[in-house]
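Working through the structure, step by step
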Amino acid sequence: MMIRILGIESSCDETAAAIVADGREILSNVVASQVEVHRKYGGVVPEIASREHLRHIVPVVREALDRAGMCLADVDAVGVTRGPGLVGALLVGLTYGKVLAQALGKPLVAVNHLEGHVHAVLLEAHRAGAQPEFPAVCLIVSGGHTQLYGVAAAPAAEDPAALQLSYQRLGGTRDDAAGEAYDKVAKLLALGYPGGPIIDQLAAWSPTGAAIAGYGASPKFAPPKLRGNPYDFSFSGIKTAVLYYVRDHAEFQPEIAARKAALQEGKRSAAEIAALCSPATLDLISQFQSAVVRDLAARTLAAARETGVRSVLVSGGVAANSELRRVFDASAQSGGLPVFFPSRALSTDNAAMIAAAAYSRLMSGERAGEDLDAEAVLPLI
Ligand code: KG4
Ligand code: ZN
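Residues numbered from 1 in each chain as written. Chains lettered and ligands numbered in written order. Predicted model: local features only at pLDDT ≥ 70, side-chain atom pairs only at ≥ 80, totals over all residues. Heavy atoms only, no water.

1. Examining the packing of helix α8 (residues 236–248) against helix α11 (residues 279–307)
Direction vectors running N to C along α8 and α11 enclose 165°, while the axes themselves pass 11 Å from each other. Considering their axes alone, α8 and α11 lie roughly antiparallel with respect to each other. Crossing of α8 over α11 shows right-handed handedness. Along the contact surface, α8 presents I238, V242, Y245 and V246, while α11 presents L284, F288, A291 and V292. Classifying every residue of the contact of α8 with α11 by side-chain character gives eight nonpolar, no polar and no charged. (Axes fitted to C-alpha atoms, helices over the stretch in contact; angles between N-to-C directions. Helix = DSSP H or I, 4+ residues; strand = E, 2+ residues; numbered from the N terminus. Parallel < 35°, antiparallel > 145°, perpendicular 65-115°, else oblique. Left-handed = near helix turned anticlockwise from the far one by under 90°. Contact = heavy atoms within 4.5 Å. Nonpolar A, V, L, I, M, F, W, Y, C, P; charged D, E, K, R; others polar.)

What follows is the structure, encoded as structure tokens:
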């Protein structure tokens, strides 16, 4: 008998529900993205996010059940994201999950969103018939987070095939998350929203090919010099450097105005935006990306080497980035530690990763109480 968990995720701007069997088999994975709603503001507006979650939560859960060929009575447990995230957004999924579990008389499991991102890697590895060896380091890199953890694993008491994970925080961003830097740079250059996917595509158009060289030089942007913890990150400096560079070069202004007009007309494809980018802009974009990716990889791989782990996991929205994948894969191929990513669909926020994390917690005997509440800030332990 498989244990089928309904996972619910609503920490930011994605309303998501999924059914995962035994923490490994994805039976359905439904994501209602709010990107279109937040686009005109150039970022997630918390109040609007909560309202959108309210509109979507019931149909999204229903669709997850339908696609898995199940009804509510077939659900064995409910896993919900407890935090970190936007409290108003979290409360929608958490309250709905709590009420469902109570009404069905099934266990409720609270999941840390960041742990969900770690499980996204394991779900994908399982699909590929592989399994990372532990201990590992895990870089979680998204629009809201850039954190580096040491991860240890032990078999869960009630199902030894499920892993009970424990974490040691190694470092994290001192200011902006990497995805946030992508989004802000895209906004100031008028490239569209969200910034990550469009910058990823435009970097490949760069005439200097910095993106293709991958780990190569990025002469405009030196990596930040940080005192103290070598595994900390900082991305606000590079964002400001791009801002100053654009401000000091007046020739960027007409093309920025042209792209703003194009975006307003709904022209958002990489080809349409690239046609409105000068070689200097494309070069700037690819150098920005190279600098961010190089810094993420360098600190993560240094942490992996120095802590003596057996594999490297990379997850979160920015883990969908092509250059980031190339740089980590190149390191693994040249004799470095094996590197594991989720598929692109599992990299960004989803509920399959929440259901998978909930299964491990359930098999370790965890249950959430009736007093479960949403937490904007929630350390991963
Ligand atoms: O994990 P996610 O869906 O939500 C958060 O928990 O933040 O990540 C969204 C972030 C956004 O900042 C977006 O610009 C970035 O991930 N992103 C990317 C790519 N796809 C999404 N960044 C770089 N390259 C990409 N291909
Ligand atoms: Zn996330």
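That was the structure; now back to the text.
2. Description of the site of ligand 1
Contacts to ligand 1 come from 20 residues, most closely from G143, D183, G196, D200 and N321. One of the side-chain nitrogen or oxygen atoms of D200 is found 2.8 Å away from a nitrogen atom of ligand 1. For ligand 1, the accessible surface in isolation is 550 Å², of which the surrounding protein chains cover 90%. Those elements that place two or more of their residues in the shell around ligand 1 are α4 (113–127), α5 (178–188) and α6 (195–203). Among the elements that take part in the shell around ligand 1, α6 stands out by supplying four residues, more than any other. Mapped onto the domain boundaries, the shell around ligand 1 takes at least three residues apiece from domain 1 (4–132 + 343–363) and domain 2 (178–337). (Near = heavy atom within 4 Å. Polar contact = N/O pair within 3.5 Å; in protein donor to acceptor, adjacent residues only side chain to side chain. Areas by Shrake-Rupley, 256 points an atom, 1.4 Å probe, with all protein chains shown as cover. Domains from an automatic or database assignment.)

3. Topic: the pairing of strand β2 (residues 14–21)
Counting buried residues along β2, eight of its eight residues qualify, which places the element largely inside the surrounding structure. The side-chain alternation of β2 yields two buried faces, one formed by E14, A16, A18 and V20 and the other by T15, A17, I19 and A21. Pairing of strand β1 (residues 4–9) with β2, which is carried by six bridges, proceeds in the antiparallel orientation. Looking at β2, one finds that L6 is bridged to I19. Counting the residues in the hairpin turn of β1 and β2 gives four residues. Looking at chain direction, β2 and strand β3 (residues 25–33) are connected through eight bridges and run antiparallel. Bridge assignment links E14 to a residue of β3, and that residue is S33. If you look at the hairpin formed by β2 and β3, you'll find three residues sitting between the two strands, and D22 has a positive phi there, around 50°. (Buried < 20%, exposed > 50% of the residue type's maximum accessible area, 1.4 Å probe, protein only. Pairing = 2+ DSSP bridges.)

4. Quick look at the confidence of the model for the protein chain
Low-pLDDT stretches of the model should not have their predicted coordinates read in fine detail. The predicted model of the protein chain averages 95 in pLDDT, with 97% of residues at 70 or higher. Element-level pLDDT for the protein chain is lowest in helix α7 (residues 210–213), with a mean of 44, against a maximum mean of 99 in β1. For the stretch residues 211–216, pLDDT sits under 50, and the model shows 14 contacts to residues farther than four places along the chain or on other chains. (pLDDT = per-residue confidence, 0-100.)

5. A few points about helix α3 (residues 87–104)
The α-helix advances 3.6 residues per turn, and as a result positions three or four apart in sequence lie on the same side. Look at α3: 25 Å from first C-alpha to last across 18 residues, which is about the 26 Å you get at 1.5 Å a residue. Along α3, the residues that are buried comprise A89, L90, V92, G93, L94, G97, K98, L100 and A101. Remark: G105 follows α3 within two positions and exhibits a positive phi of approximately 70°. (Expected span 1.5 Å × (residues − 1).)

6. Considering the coordination of the zinc ion (ligand 2)
Every protein donor of the zinc ion (ligand 2) is listed here as H113 (NE2), H117 (NE2) and D349 (OD), and their distances to the metal cover 2.1 Å. Taken together, the four donor atoms surrounding the zinc ion (ligand 2) define angles of 93 to 146° at the centre, an arrangement classified as irregular. Along the chain, the residues donating to the zinc ion (ligand 2) fall in the pattern H-x3-H-x231-D. Separated by 232 residues along the polypeptide, H117 in helix α4 and D349 in the loop between α13 (344–347) and α14 (352–363) bring together distant segments of the chain. On the basis of relative accessible area, D349 is assigned to the buried category, the value being 14%. (Donors = N, O, S within 2.8 Å, 3.2 Å for Na, K, Ca; no water. Tetrahedral: all angles 85-135°; square planar, octahedral: opposite > 155°, others 65-115°.)

7. Section: the environment of L378
As for its placement among the helices and strands, L378 is situated in the segment after α14. A sequence separation of 265 residues divides L378 from H113, and the C-alpha atoms of the two residues are 8.9 Å apart.

8. Quick word on the packing of aromatic side chains
What characterises a pair of aromatic rings is the spacing of the ring centres plus the angle enclosed by the ring planes. One pass over the structure, following the stated rule, counts five aromatic pairs. Their ring planes at 75° and their centres at 6.1 Å tell us that Y149 and Y167 sit as a pair that is edge-to-face. Here Y149, found in strand β7 (residues 146–156), pairs with Y167, found in strand β8 (residues 159–172); they are 18 residues apart in sequence, far enough to count as distant. Taken as a pair, Y149 and Y167 share a single burial class, namely buried. Aromatic side chains F233 and F235 sit 6.0 Å apart centroid to centroid with 15° between the ring planes, which places their arrangement in the stacked category. According to the relative accessible area criterion, F235 is buried, its value standing at 2%. (Phe/Tyr/Trp six-rings, centres within 6.5 Å; stacked < 30°, edge-to-face > 60°.)

9. Topic: the sheet that holds strand β4 (residues 77–83)
Pairing is mixed in the open sheet, where five strands are placed in the order β3-β2-β1-β4-β5. The open sheet is flanked by β3 and β5 (108–112), the only strands paired with a single partner. The mean inter-strand angle of the sheet, taken between neighbouring strand axes irrespective of direction, is 20°. Where β1 and β4 come together, four bridges link them in parallel fashion. Bridging from a neighbouring strand, I5 pairs with A77 of β4. Strands in contact with α3 are β1, β4 and β5; relative to β4, the strand with the most contacts, it is inclined by about 155°. The strands touched by α4 within the sheet are β1, β2, β3, β4 and β5, with β5 carrying the most contacts at an inclination of about 95°.

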